[in-house]
Amino acid sequence: MKKLFYFNVLIYITIIGLYIYATILGAIGQIGLGAFQIIIAILISTDIKKTNNLGYKALQIYWYFVLAYSIAFILFITSDSLNNFSSSILYIIPMTIGFYFVIVTFLIYKYSNL
């Protein structure tokens, strides 16, 4: 779990660097970050023990954020009235969820034996 946490932090910081260098590269990298974090969250969800209450609850909250963002993204795609929020829906919210997942992996790494 320690290596997974550090790898997750490394990828997240790399994506932020790509956003600073060129926004389009950061956006493309963000797609990979999202896929990586969802795959890792699925793997952690199957392995986490409910004895790690803090990590388990944080992971549940992560899944709620992912579900809420998915619904907002679908609404954004299908509706023209959300154009004013396009940058926050496409760039800011996913990176915030990604940062929260970095925190989740830290909590699970710190308080678990995965």
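To be clear, the structure that these remarks concern was listed above.
Rules behind the numbers
Counting of residues starts from 1 at the beginning of each chain's written sequence and follows it residue by residue. Thresholds applied to this predicted model are a pLDDT of at least 70 for local features of residues and 80 or more for the giving and counting of side-chain atom pairs; totals over whole chains, interfaces and linings are not thresholded and use all residues. Side-chain figures throughout are based on the complete set of non-hydrogen atoms in the structure, without hydrogens or water. Nine residue types can take part in a nonpolar core, namely buried Ala, Val, Leu, Ile, Met, Phe, Trp, Tyr and Cys, and a core is a set of them joined through side-chain atoms within 4.5 Å. Each residue is assigned to one of three classes by its accessible area relative to the maximum for its type, calculated with a 1.4 Å probe on protein chains only: buried under 20%, partly exposed between the two thresholds, exposed over 50%. Here a helix means four or more residues in a row that DSSP labels H or I, a strand means two or more in a row labelled E, and each is numbered from the N terminus. Axes, fitted as lines to C-alpha atoms, cover a helix only where it is in contact. Angles between the N-to-C directions of the axes lie from 0 to 180 degrees. Roughly parallel means an angle under 35 degrees; roughly antiparallel means over 145; roughly perpendicular covers 65 to 115; every other angle is labelled oblique. Two helices cross in a left-handed way if the nearer one is turned anticlockwise from the farther one by less than a right angle. They cross in a right-handed way if the turn is clockwise. The criterion used for residue contact is that any of the two residues' heavy atoms lie within 4.5 Å. Ten residue types, Ala, Val, Leu, Ile, Met, Phe, Trp, Tyr, Cys and Pro, are classed as nonpolar, four, Asp, Glu, Lys and Arg, as charged, and the remainder, Gly among them, as polar.

K.L.:
Teacher, can you tell me more about the nonpolar core here?
P.N.:
One recurring pattern in soluble globular proteins is that nonpolar side chains are buried together. Core analysis: the biggest nonpolar cluster contains 28 residues, and Ile44, Leu59, Tyr62, Phe101 and Val104 have the highest contact counts within it. Counting only elements with at least two residues in this core, the list comes to helix H1 (2-21), helix H2 (23-47), helix H3 (53-78) and helix H4 (86-111). A per-element tally of this core places H4 first, with nine residues.

K.L.:
What's the story with the environment of Thr96 in this structure? I'm lost.
P.N.:
Within the fold, Thr96 resides in helix H4. Along the primary structure Thr96 and Phe65 are separated by 31 residues, whereas in three dimensions their C-alpha atoms are 9.8 Å apart.

K.L.:
Would you mind going over the packing of H2 against H3 with me for this structure?
P.N.:
Describing two packed helices takes the angle between their axes plus the distance from one axis to the other. One way to put it is that H2 packs onto H3 with a least axis distance of 11 Å and a crossing angle of 140°. Regarding the angle of H2 to H3, the classification is oblique. In this structure, H2 crosses over H3, and the sense of that crossing is left-handed. Facing Gln37, Ile38, Ala41, Ile42, Ile44 and Ser45 of H2, the residues of H3 in contact are Leu59, Tyr62, Trp63 and Val66.

K.L.:
I tried to follow the packing of H1 against H2 on my own but got confused; where do I start?
P.N.:
Direction vectors running N to C along H1 and H2 enclose 160°, while the axes themselves pass 7 Å from each other. The pairing of H1 with H2 is recorded here as roughly antiparallel in orientation. Considering only the axes of H1 and H2, their crossing is left-handed. The residues of H2 that touch H1, namely those facing Leu4, Phe7, Asn8, Ile11, Tyr12, Ile15, Leu18, Tyr19 and Tyr21, are Thr23, Leu25, Gly26, Ala27, Gly29, Gln30, Leu33, Phe36, Gln37, Ile40 and Ile44. Of the residues belonging to the contact of H1 with H2, the class tally is 14 nonpolar, six polar and no charged.

K.L.:
Explain the side chain of Gln30 here, please?
P.N.:
With respect to the helices and strands, the residue Gln30 is situated in helix H2. Those residues within four positions of Gln30 in sequence are excluded, and the remaining contacts are Ile15, Tyr19, Leu90, Tyr91, Pro94 and Met95.

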